Amino acid sequence: QVPKDPTQRWLQELTALSQQMQQVHPNVLAKILKQRTVYQNEEIVVIDKPYGVPVHGGPGIKNCIADVLPILAKMLENMKAEPLHLCHRLDKETTGVMVLARSKEAAEKIRLLFKTRQVEKIYWAIVLGDPDPVEGVVEIPIVEKEVQSHQSHYKMTLAPNYRVCPEDGKVTKIRKNRNAESAVTRYRRLAGASACSLLELQPITGVKHQIRVHLAYGLGCPILGDHKYSHWSKLAPQKLPELTLRKLKLEQSKARHLPLHLHAHRLCLPLGQPLDFVCKPPLFFQKTLRKLELDIPKD
């Protein structure tokens with residue numbers, strides 16, 4: 001059943017696209033990735049990762065980027081090419097710049113650059129609300145925890161080193177959580193309108209779901225379409241401000257179909273000379289910016 005409302009139709013198409021990607025033959029997925037190749041040399045291949053495609057396999061995942069790397073390598077070069085290698089990961093819903101290596105040696109070299117924080121990564125996200133201050137650094141360790149609710153599930157969450165005492169407002173240091181990983185995210189607001197903001201983000205560390213957790217729980221500005229990190233204790237669709245719903249021409253009951261608006265916009269890789277890659281946000285992201293009247297900064 002095709003909804004009459006253009007917004008709902010568009011959201012349904014996105015969901016369907018993500019599901020389709022799971023049903024196509026691996027060759028088709030490889031072909032899509034080939035069309036989205038933005039750069040290649042003898043060491044690396046850079047792709048613009050599409051929405052809704054997982055990087056790794058897992059339960060219920062038929063198609064993922066890792067599985068089609070041998071096919072993609074052959075399509076890009078020739079039948080004798082060795083499989084491409086993953087160097088880093090992006091969440092299934094995240095779009096944008098992704099680097100693949102042509103050899104094991106190149107992959108190890110690039111992974112080390114990521115690990116030693118020599119790769120500059122810039123993300124764009126549309127978030128609910130307005131961060132206060134509008135520019136800054138979130139530096140709060142992150143840990144994975146089980147959430148006890150009507151359906152138990154695991155989530156990444158903050159494990160702060162300090163807490164404010166409610167009685168006297170004094171700040172006290174807390175005992176460190178042994179499993180917490182230190183996490184640092186720089187952010188600045190590029191535009192604000194319709195009860196939302198467009199943020200530029202630079203994760204200094206690379207903890208799982210770091211940007212999503214720091215924005216939702218650290219700044220109180222969850223990413224638009226991030227249904228996982230918009231509530232702590234329950235798995236429920238994100239609740240959107242009235243103004244945002246109006247601008248998006250969306251009913252709250254349909255908010256669960258909103259995609260995650262997080263995009264790996266730019267990546268600077270110091271391989272010999274610095275290589276700088278930029279991917280424009282996907283069409284759904286650009287459409288949302290227009291609807292919310294958030295102005296994209298001119299680079």
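As annotated in an unreviewed UniProt entry, the chain carries the name Pseudouridylate synthase RPUSD4, mitochondrial and is attributed to Promerops cafer. UniProt, in the comment section headed Subcellular location (unreviewed entry), describes the chain in these words: "Mitochondrion". In its Sequence similarities (unreviewed entry) section, the UniProt entry covering the chain states "Belongs to the pseudouridine synthase RluA family."

**A short note on the packing of helix α2 (residues 26–35) against helix α3 (residues 65–76)**
When two helices pack together, their arrangement is given by the angle between the helix axes and the distance between those axes. Their axes nearest at 8 Å, the elements α2 and α3 cross at an angle of 65°. Read as a crossing pair, α2 and α3 show a hand that is right-handed. Residues Pro26, Asn27, Leu29, Ala30, Lys31, Leu33 and Lys34 of α2 pack against Ile65, Val68, Ile71, Leu72, Met75 and Leu76 of α3.

**Points about the packing of aromatic side chains**
Tallying each qualifying case throughout the model produces 3 aromatic pairs. When the ring of tyrosine 39 is compared with that of phenylalanine 277, the centres are 5.1 Å apart and the planes differ by 50°; the resulting orientation is tilted. On the criterion of sequence distance, the pair formed by tyrosine 39 in strand β1 (residues 37–40) and phenylalanine 277 in strand β14 (residues 273–278) is long-range, its members being 238 residues apart. Taking the relative accessible area as the measure of exposure, tyrosine 39 reaches 28% and is therefore partly exposed. A relative accessible area of 7% places phenylalanine 277 in the buried class. Ring geometry for tyrosine 217 versus tyrosine 229: centroids 5.9 Å apart, planes at 75°, classification edge-to-face. Note that tyrosine 217 is positioned in helix α5 (residues 210–218) and tyrosine 229 in the loop between α5 and α6 (242–248), a separation of 12 residues in sequence. Judged by relative accessible area, tyrosine 217 falls into the partly exposed class, the value being 23%.

**Looking at unusual backbone geometry**
The bulk of non-glycine residues show a negative phi, and the bulk of peptide bonds are trans. A cis geometry characterises the amide bond from aspartate 132 onward to proline 133, with omega recorded as 0°. Take proline 133: it is sitting in the loop between β5 (120–128) and β6 (135–139). One non-glycine residue, serine 194, lies in positive phi territory at about 55°. Overall, serine 194 belongs to the buried group, its relative accessible area being 8%. One non-glycine residue, lysine 249, adopts positive backbone phi at about 55°. With respect to the helices, strands and loops of the structure, lysine 249 is situated in the loop between α6 and β13 (262–271). Accessibility expressed as a relative area gives 60% for lysine 249, which makes it exposed.

Basis of the calculations
- Residues numbered from 1 in each chain as written.
- Predicted model: local features only at pLDDT ≥ 70, side-chain atom pairs only at ≥ 80, totals over all residues.
- Heavy atoms only, no water.
- UniProt positions renumbered as here; feature names shortened; annotations may be inferred.
- Axes fitted to C-alpha atoms, helices over the stretch in contact; angles between N-to-C directions.
- Helix = DSSP H or I, 4+ residues; strand = E, 2+ residues; numbered from the N terminus.
- Left-handed = near helix turned anticlockwise from the far one by under 90°.
- Contact = heavy atoms within 4.5 Å.
- Phe/Tyr/Trp six-rings, centres within 6.5 Å; stacked < 30°, edge-to-face > 60°.
- Buried < 20%, exposed > 50% of the residue type's maximum accessible area, 1.4 Å probe, protein only.

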